Amino acid sequence: MKLGAGDYAHVVLQQGGIVPKGTRVEVFRQIFTVFLALGTLVGVVVVGYMVYNAYKYRDGDGRGDDPDAPRLGELPTGGGGGRKLFLSFGLSTIIVVSLIAWTYGTLLYVEENPPGEEGETTNIEVVGFRFGWEFVYPNGHSASTLRVPENETIRLSVTSDDVFHTFGVPDLRVKTDAIPGQTTDTWLRADETGTYEARCFELCGAGHSYMTAEVVVMEPDEYEAWYANTSGPNGNSNSSSAGDAPDGSSALGAPTGAPSVPAAASSLEVVA
Amino acid sequence: MTDENTKADGGVADATHGADHHHDLPDPGHVKRWLVTTNHKDIGVLYTITALFFLVFGGVLALLMRLQLWTPGVSLLEPLQYNQAVSAHGLLMIFWFLSPFAFGFANYVVPLQIGAKDLAFPRLNALSYWLYLFSGILMGVSFFQGGTFSGGWTMYAPLNLPVYTPNIGASTAVLALTMFTASVTVGSVNFLTTMHRMRAEGLTLRRMPLFTWTILLTTWMMLFAFAALLAALMILSADRLLGTTYFSATGHAGSLLWAHLFWFFGHPEVYIVFFPALGVMAECFQTFTGRRLVGRKWFIAAMVLVALQSFLVWMHHMFLTSINLQIKTLFMATTIGISLPFDLMVFALIYTTVKGKVRFTTPFLFSFGALMLFILGGITGVFLGAVVLDYEFRGTYWVVAHFHYVMVGGVTALVGGLYYWYPKMTGKMYDEFLGKVHFALYFVGFNLLYFPMFVAWETPRRDFVYPEVFVGWHQVATVGGFVLGASFLVMFYNLFVSLWRGEEADDNPWQYSTTTEWAIPSPPPLENFPGKPTFRDGSLKFLPGAGSRTGGTGGSVADGGEFTVEEATDGGASVSQAADTHAADEPESHASIWPFAIGVASFVLLFGLSGLQNASFPSGIEGGFYAALTVGGLVGGLAALVAMATEEFHALTGPFGESWPFEGVENTKLGVWIFLASDVVLFGAFVGSYAFIRVAEGWTNWHHLIPEAHVPLPGLINTYILLTSSFTVVLALVAAEKGSRWGLVGSLATTFVLGMAFLVNKALEWLHLFHVHTEAFPQGWNIGTNIASSTFYLTTGLHGLHVIAGLIVTLYLLVRAWNGAYLDDDRPVEYFGLYWHFVDIVWLFLFPLFYIL
Amino acid sequence: MTRVKLYTAIYVVLFAFATAQVLVEQSGGLPYWTAFWAIIALSFVKALMVAWYYQHLKWEPRSVTFTMFVGLLAALALTTAAAYSIL
Ligand code: HEM
Ligand SMILES: [Cu+2]
Ligand SMILES: [Cu+2]
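Quick caveat, the model's predicted, so the values are computed rather than measured. (Residues numbered from 1 in each chain as written. Chains lettered and ligands numbered in written order. Predicted model: local features only at pLDDT ≥ 70, side-chain atom pairs only at ≥ 80, totals over all residues. Heavy atoms only, no water.)

**Things to note about the environment of Phe134 of chain B**
Residue and element names in this part refer to chain B.
Phase 1 of the analysis: Tracing the sequence through the fold places Phe134 in helix 5 (residues 122-142).
Phase 2 of the analysis: In this structure Phe134 comes out as buried when scored by relative accessible area, which is 11%.
Phase 3 of the analysis: Between the C-alpha atom of Phe134 and that of Met179, which follows or precedes it by 45 residues, the distance is 8.3 Å.
Phase 4 of the analysis: Not counting residues within four places of it along the chain, the set of residues in contact with Phe134 comprises Met179, Phe596, Gly599, Val600 and Phe603. (Helix = DSSP H or I, 4+ residues; strand = E, 2+ residues; numbered from the N terminus. Buried < 20%, exposed > 50% of the residue type's maximum accessible area, 1.4 Å probe, protein only. Contact = heavy atoms within 4.5 Å.)

Right, dumping it as structure tokens:
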């Protein structure tokens, strides 16, 4: 999980309250850390207590027979100790409910007002197909590599041309389903330039394991220059991937065709 | 029951099988015994063994995958082969191993625990088993029809359609699952009727042992959840075989529809596979700590809550789809809500050990281990309940690790159950040392296998390419997988050898066990009990004679937790003579070949149907082969059904004491009602699918999909016809009550004619629509023309099939009424009426939905 | 026999309601959604009458009715929540 120090300051500033905000990477990191710590703590305590009891009350340490021990043929009833039970139950309820309530704030934030200034976001359409991704920019330019500027919130509208896929960029902690006939919306924001990998997270056929795409995060200026150079869907060479994109049937029934897919996909990209 | 099997302990086991000679059942040594048996203990054994076979099947596939994952990329399996392995592994483990494994115990133990001699419908119980076995074989066959289904166990649409998964084997797998679903439905009806109607006196619902409680709740969930799955699978089969267009991609959200239907079933399924394991844990914890469950009342209440709520959380599997934020919030809340009762259950189990006398026998070790694994699985599940985290975990090994901790955690408890009840089921003791070795290997192997998956969670699921940094973790996991597999070899060896060389097991080998199965011989005789079990006085006694309630004490429980058998021996012996004379006129039956025959026929039928595509068989020899199988299976199945209906068979009727809340609803009637309740969900899911699709299209933006020729009139006429036929069925019952033979025959005949008229009218209507020729529909309005035609034909077609089934029964009743039946016992007419009116009611909704609105 | 009279009366009512459903639509007098709910309501009333009298639920323990009701609720939960999720 990469995070620049400057951006961290930005995140903390923006944060204000206890609800984690910031890029998805940051949000995930914070929440995951808290969950992991608490989860480990609870796990260790509970399992430890359980083992301790089982050992402590092991048979054969010379304790006498309980006169009230269960007898064969009795009607089932409960044992005592209800108070302790409710105490622990109450405690666990408080922990779980407050954890989830805490993350709910972040959910609302992630869903409804992602970082970045209002109205300044770029909207890119993502179309999944067997077995690759097509990215369509507002100007109609389409490519098989996703290029985005650094430190800007990019909105993605994701759909599929054939079967159910899931679009995700693990390092940017963004993920959403690509469903034929439906569009899902999400956003991403990268605060470090570099090349990341996007891939499919829902089984979609023989090439599923290879259904990847490159995500290139660029300096804003560089991005602007590149973007200005692109044009509509029937424009220059950059759009070559659009032509071969949606024809899912061509890959049908070709079990061994899969490994060739990534090679084909990446060779399509001509960097401007 | 006979004298020789009510001896004092020790000698009991040998004597038991002697009793069988008095029945229609061959010896256990004969193969025939196992084909015809309808006895719940036999069937329990069959379930257990078959389930273990499928464990091996699914396990081998898992090991193949683990080998592939040794390094990233293709090695052992080609991509599509890997996908098949993932899919079949998931399907086999969940459907053909986990649930049936639990139902092996349910079959064996539940009747014993509630004090019933068998299930309410023994032949249907056998039928459940055979449908289960043959559906599993069909699943196996699918591998040889060009490859089995490769779209994951969730079978997401539209990957599940022939365009993307064209193998015939993929269709076969879907049909195999459909057949399995039928088995589950039959089984649920049976168990629910039994558990509600046939409990021993004093054994109120609140007093039922915990294992029985978990099975009761499991079967209720099964009844409704599997009905939804049945609807989903029927629609999928229609899409694959007949060419309807529900799930094909665009426009009407077919993809989402599948997700809704599947997960509406899928989440309850999580508890369906886990509850029995919970029941085993509760039993083992109580027995091996010598303590009663802490907060038992709340434990049960928590389970009831979970069972109900399990139907209201399904969309947490769809957080990344296009569902709206409000519904995400709602389902996040219900999901967290449902996790809380489990905390209570876990703490209840833990506190039960306090102040106990904990004995680390093999069953306890497995139960204890299961609880630990479940705690880990539960904690990691809370991560997934936080939607923001779920966004990232979806489709990764976090999910894989989590559900294996939960589900295989459940398996762990069930393995404990196998050791726990092994002495009861076989009369032999397993080797305790080898049992402990098994546990050690199992527990180490398990954690080596699954814990690394949490660490390497960024591995994409159902994927064999993963980041290089995780190679080490995956190799540890693979090693763990093999250790886990090896541990089962130890178990198989132990259990197999102990059958011959094991020590004889006492009636009650476990100190502090309390439930009824431990108060009778190991293995129990065919009739289970040395008298009529009752808890009237607060603890178990066996009363002499089935009818008399005032008879002396048969057996009783002495202080100190050991069942004293001397008393039982005397009492039991004298009792059995009385019982023999009493029941001589109608001994219970234990054998029928027809369930097996129906199983075979269904197998053949579905195997044949798998060859269909777009409603036609392929040409040539292959098509002929499939067509012949279809016809053969259909004819054979009908013949076997009729044979089973006409066969003399005496089942238990109950009630034996407690039957809340269904006192006064006779077994068969209750069975029919429970079945109808599941049918409500089946049709509900069909109607729900239609509504969903229409909403997705825009509810009022629909009529352009339907030709002008589709007018309400034929539907209205059919409404009149069905209403009238309902009325004549009512008249038939009135006539039967009055003893009027010709009134009965006349009413039934009228019903039959009306039913036929309904079908003919429908056929004419359909033919007309098939051949409309308009600008919008130049090729006619066929089943695959568009989504409106698909929903129309399939939904009303399913209803039509119900009418046809009803008419077959009408015909059967008619023939028998003609010969004078039903005048002294009109119940068959009444029960048929329940079904027929239900079919009528369904039409009352289909008519406005598909003709008017 | 009074039961038979009751059954006959119900039959007549069912017949009339079915006709009414078609008339509601054909007349075209009502706005679509008013007509929609009227027609659905008529279906529910008809179904209840068949279940209550023809299937004798009236004379059975309430638990049977309750069981069917649970099934109905499950189906309705699926239908409404699924449809709502894509609104
Ligand atoms: C015994 C009970 C088990 C159950 C109920 C179970 C269940 C499942 C299910 C439902 C899936 C998902 C299939 C899918 O995504 O379509 C799965 C996947 C998998 N299981 Fe199991 N499993 C069991 C045991 C095992 C064992 C013993 C191993 C290893 C030796 C194993 C290894 C795997 C692997 C490697 C996957 C693929 C994960 C993925 O890529 O999604 N499972 N299992
Ligand atoms: Cu994919
Ligand atoms: Cu779930």
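Having seen it, we continue.
**Thoughts on a negative patch on the surface**
Phase 1 of the analysis: Together, Glu219, Asp221, Glu222 and Glu224 of chain A line one region of the surface with negative charge.
Phase 2 of the analysis: By the element assignment, Glu219 of chain A lies in the loop between strand 10 (212-218) and helix 4 (220-229). (Patch = residues over 30% accessible without salt bridge, like charges linked within 9 Å, V, L, I, M, F, W, Y side chains within 5 Å. Areas by Shrake-Rupley, 256 points an atom, 1.4 Å probe, with all protein chains shown as cover. Salt bridge = Lys/Arg side-chain N within 4 Å of Asp/Glu carboxyl O. Lys, Arg positive; Asp, Glu negative; His and termini not counted. Charge placed at Lys NZ, Arg CZ, Asp CG, Glu CD.)

**Description of the coordination of the copper ion (ligand 3)**
Residues and elements named next belong to chain B.
Phase 1 of the analysis: Taken together, the protein donors to the copper ion (ligand 3) comprise His267 (ND1), His316 (NE2) and His317 (NE2), at separations of 1.5 to 2.1 Å.
Phase 2 of the analysis: One chain supplies every donor for the copper ion (ligand 3), spaced along it as H-x48-H-H. In this pair, His267 is assigned in helix 8 (residues 254-289) and His316 in the loop between helix 9 (296-309) and helix 10 (325-353), connecting sequence segments 49 residues apart.
Phase 3 of the analysis: Given the relative accessible area of 12%, His316 is considered buried. (Donors = N, O, S within 2.8 Å, 3.2 Å for Na, K, Ca; no water.)

**Some details on the interface of chain A and chain B**
Phase 1 of the analysis: Taken residue by residue, the interface counts 88 residues in chain A and 104 residues in chain B.
Phase 2 of the analysis: Both sides of the chain A and chain B interface together cover about 8,400 Å² of buried area, and 68% of this is carbon and sulfur.
Phase 3 of the analysis: Of all residues in chain A, Met50, Leu72 and Leu203 of chain A give up the largest surface area on contact with chain B, accounting jointly for 10% of the area buried on that side.
Phase 4 of the analysis: Inspection of the chain A/chain B interface yields seven salt bridges.
Phase 5 of the analysis: As a salt-bridge pair, Asp59 of chain A and Lys357 of chain B come within 3.5 Å of each other at their nearest N and O atoms.
Phase 6 of the analysis: Counting the contacts that link chain A with chain B gives 26 residue pairs in polar contact (both at pLDDT 80 or more).
Phase 7 of the analysis: Put simply, the parts of the chain that give the side of chain A that touches chain B at least two residues each are helix 2 (24-56), helix 3 (82-112), strand 7 (174-178) and strand 9 (194-200) of chain A.
Phase 8 of the analysis: Of the residues forming the side of chain A that touches chain B, the biggest block, 19 residues, is contributed by helix 3 of chain A.
Phase 9 of the analysis: Of the residues assigned to the side of chain A that touches chain B, the class counts are 44 nonpolar, 26 polar and 18 charged. (Buried area = accessible area lost by both parts, 1.4 Å probe. Polar contact = N/O pair within 3.5 Å; in protein donor to acceptor, adjacent residues only side chain to side chain. Nonpolar A, V, L, I, M, F, W, Y, C, P; charged D, E, K, R; others polar.)

**With respect to the coordination of the iron atom of ligand 1**
Phase 1 of the analysis: Within the protein, the atoms that donate to the iron atom of ligand 1 are His89 of chain B (NE2) and His404 of chain B (NE2), at distances of 2.0 to 2.1 Å.
Phase 2 of the analysis: A residue is classified by how much of its surface remains accessible, and His89 of chain B, at 13% relative accessible area, is buried.

**Describing the sheet that holds strand 4 (residues 146-149) of chain A**
Residues and elements named next belong to chain A.
Phase 1 of the analysis: Across the sheet, which stays open at both edges, the five strands sit in the order 4-10-9-6-7 with mixed pairing between neighbours. Edge strands, defined here as strands with exactly one partner in the open sheet, are strand 4 and strand 7. When strand polarity is set aside, the average angle formed by the axes of neighbouring strands in this sheet is 20°.
Phase 2 of the analysis: Note: strand 4 against strand 10, four bridges, orientation parallel. In the strand pairing of strand 10, Leu146 is matched with Val215.
Phase 3 of the analysis: Sitting on the sheet, helix 4 is in contact with strand 4 and strand 10, with an inclination near 130° to strand 4. (Pairing = 2+ DSSP bridges. Axes fitted to C-alpha atoms, helices over the stretch in contact; angles between N-to-C directions.)

**Looking at the side chain of His799 of chain B**
Phase 1 of the analysis: Locating His799 of chain B in the fold gives a position in helix 22 (residues 787-818).
Phase 2 of the analysis: Setting aside chain neighbours within four positions, we find His799 of chain B in contact with Phe683, Leu722, Phe758, Val839, Val842, Trp843 and Leu846 of chain B.

**Some points on the domain arrangement of chain A**
Residues and elements named next belong to chain A.
Phase 1 of the analysis: Structurally, chain A comprises domain 1 (11-57 + 82-109) and domain 2 (121-255).
Phase 2 of the analysis: Counting residues at the interface gives five residues for domain 1 and eight residues for domain 2.
Phase 3 of the analysis: Each partner contributes to the roughly 670 Å² buried at the junction of domain 1 and domain 2, and carbon and sulfur atoms together form 61% of this total.
Phase 4 of the analysis: Linking domain 1 to domain 2 there are zero salt bridges.
Phase 5 of the analysis: Across the domain 1-domain 2 interface, the total number found is two residue pairs in polar contact (both at pLDDT 80 or more).
Phase 6 of the analysis: The class makeup of the residues in the side of domain 1 that touches domain 2 is two nonpolar, two polar and one charged. (Domains from an automatic or database assignment.)

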